[in-house]
Amino acid sequence: MSDPAPRYPPGHDPRTVESSADIKFNLGDIDGAKMVYQQALLDWVDEARESASADTEGMKRAVADLWIGFASLSRKANRLKGATEAFEGAVSCEIAGRDGKVWLEYAKYQEERNRHKTAQKIYLRALVGDDKNGGGGPGAEGAQLVPQPASGRCRRARKSPNSRRSRWPRWP
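Right, let's walk through the structure included here. Counting restarts for each chain, with residues numbered from 1 along the sequence as it is written. Side-chain atom pairs in this predicted model are given and counted only at pLDDT of 80 or more, local residue features only at pLDDT of at least 70, and totals for whole chains, interfaces and linings cover all residues. Hydrogens are left out, water is left out, and the side-chain values use all remaining heavy atoms of the structure.

1. Quick word on the nonpolar core
What we call a nonpolar core is a set of buried Ala, Val, Leu, Ile, Met, Phe, Trp, Tyr and Cys residues that are connected through their side-chain atoms within 4.5 Å. Here the term buried applies to any residue with accessible area under 20% of the maximum for its type, exposed to any over 50%, and partly exposed to those in between, with areas from a 1.4 Å probe on protein chains only. Formed by 39 residues in total, the largest nonpolar core has its most connected members in Trp44, Val63 and Trp67. Secondary structure elements are taken from DSSP: a helix is a run of H or I of four residues or more, a strand is a run of E of two residues or more, and numbering for both begins at the N terminus. Those elements that place two or more of their residues in this core are helix 1 (14–26), helix 2 (30–50), helix 3 (56–76), helix 4 (80–92), helix 5 (100–112) and helix 6 (116–128). If you tally residues by element for this core, the top one is helix 3, at 10 residues. The contact criterion used throughout is that any non-hydrogen atoms of two residues lie within 4.5 Å. Non-local contacts of tryptophan 67, meaning those with residues more than four positions away in its chain, are made with Leu41, Val45, Ala86, Gly89, Ala90, Cys93 and Ala96.

2. Description of the packing of aromatic side chains
Ring pairs shown here join Phe, Tyr and Trp side chains whose ring centres sit within 6.5 Å, with only the six-membered ring taken for Trp; geometry is labelled stacked below 30 degrees between planes, edge-to-face above 60, and tilted in between. The tally for this structure, following the rule as stated, stands at four aromatic pairs. Here the aromatic residues Tyr37, Trp67 and Phe70 are joined through ring pairs into a cluster of three or more.

3. Let's talk about the packing of helix 5 against helix 6
Here an angle of 0 to 180 degrees is reported between the N-to-C directions of two axes, which are lines fitted to C-alpha atoms, with helices fitted over the stretch in contact. Two elements in contact, helix 5 and helix 6, have axes separated by 7 Å at closest approach and are oriented at 170 degrees. In terms of axis orientation, helix 5 runs roughly antiparallel to helix 6. Taken together, the residues of helix 6 that come into contact with helix 5 (itself represented by Trp103, Leu104, Tyr106, Ala107, Gln110 and Glu111) are His116, Thr118, Ala119, Ile122, Tyr123, Arg125 and Ala126. Amino acids outside the nonpolar list (Ala, Val, Leu, Ile, Met, Phe, Trp, Tyr, Cys, Pro) and the charged list (Asp, Glu, Lys, Arg) are all regarded as polar, and Gly is one of them. For the contact of helix 5 with helix 6, the class distribution of residues is eight nonpolar, three polar and two charged. An angle counts as roughly parallel when it lies under 35 degrees, as roughly antiparallel when it exceeds 145, as roughly perpendicular when it falls between 65 and 115, and as oblique in every other case.

4. Side note on the side chain of histidine 12
Checked against the element boundaries, histidine 12 lands in the segment before helix 1. On the accessibility criterion, histidine 12 (12% relative accessible area) is buried. Polar contacts, as used here, are pairs of N or O atoms within 3.5 Å; protein pairs need one atom able to donate a hydrogen and one able to accept it. Residues neighboring in sequence count only if both atoms are side-chain atoms. A distance of 3.1 Å separates the side chain of histidine 12 from the backbone oxygen of proline 10, its partner in a polar contact. Polar side-chain contacts of histidine 12 include one of 2.5 Å to the side chain of glutamate 47. Sequence-distant contacts of histidine 12, defined by excluding residues within four places in its chain, comprise Trp44, Glu47, Met59 and Ala62.

5. Remarks on the layout of surface pockets
Both site types are read off a 1 Å grid over the protein atoms alone. A 1.4 Å probe that fits but cannot get out defines a cavity, while an open set with protein on both sides within 12 Å along at least five of seven lines defines a pocket; lining residues have an atom within 4 Å of a point. Grid points are joined across faces, edges and corners, and a volume is the space filled by probe spheres set on the points. Of the pockets and cavities examined, the largest pocket occupies roughly 200 Å³. For the largest pocket, the lining is made up of 14 residues, of which Glu18, Tyr37, Asp65, Ile68 and Gly69 are closest to its centre. Among the secondary structure elements, those contributing two or more residues to the lining of the largest pocket are helix 1 and helix 3. Ranked by the residues each element gives to the lining of the largest pocket, the list is headed by helix 3, at seven residues. Class assignment of the residues belonging to the lining of the largest pocket gives a composition of six nonpolar, two polar and six charged.

What follows is the structure, given as structure tokens:
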């Protein structure tokens with residue numbers, strides 16, 4: 001069963017930005033598509049930061065989804081370093097960095113690239129933050145992100161006879 005379509009504040013639907021960027025992308029203007037996202041991110045993050053509206057959660061969700069869309073654009077253009085930079089920007093963003101979905105998508109992206117150790121670090125950063133960004137992660141909200149996926153991978157890694165991680169203690 002899929003989730004219902006997210007509700008965004010008026011004028012802040014990431015799908016409209018994605019549509020504009022897709023038009024440019026399909027015309028071969030990858031940098032133009034990137035600029036569409038960057039401009040929207042600059043505007044929306046400022047608006048979310050200064051917003052006193054009743055729908056601040058909707059605005060946070062819109063900014064988070066916009067960052068994820070921006071990273072997806074880089075993936076679609078096969079600019080993997082650009083996608084990583086977009087995700088790092090998202091988790092460092094004071095608005096989107098508190099959204100567990102951003103961290104989860106970033107970790108999934110690294111897993112798809114078979115960078116499991118990096119994905120594990122991202123899950124941990126989501127829980128405890130890091131010095132690089134002055135904290136970060138959704139904190140207690142992020143706790144729901146880590147136990148199932150990360151612990152399963154650690155157990156599989158320990159069972160592998162060629163795994164260097166076999167010395168790790170068991171997770172509960």
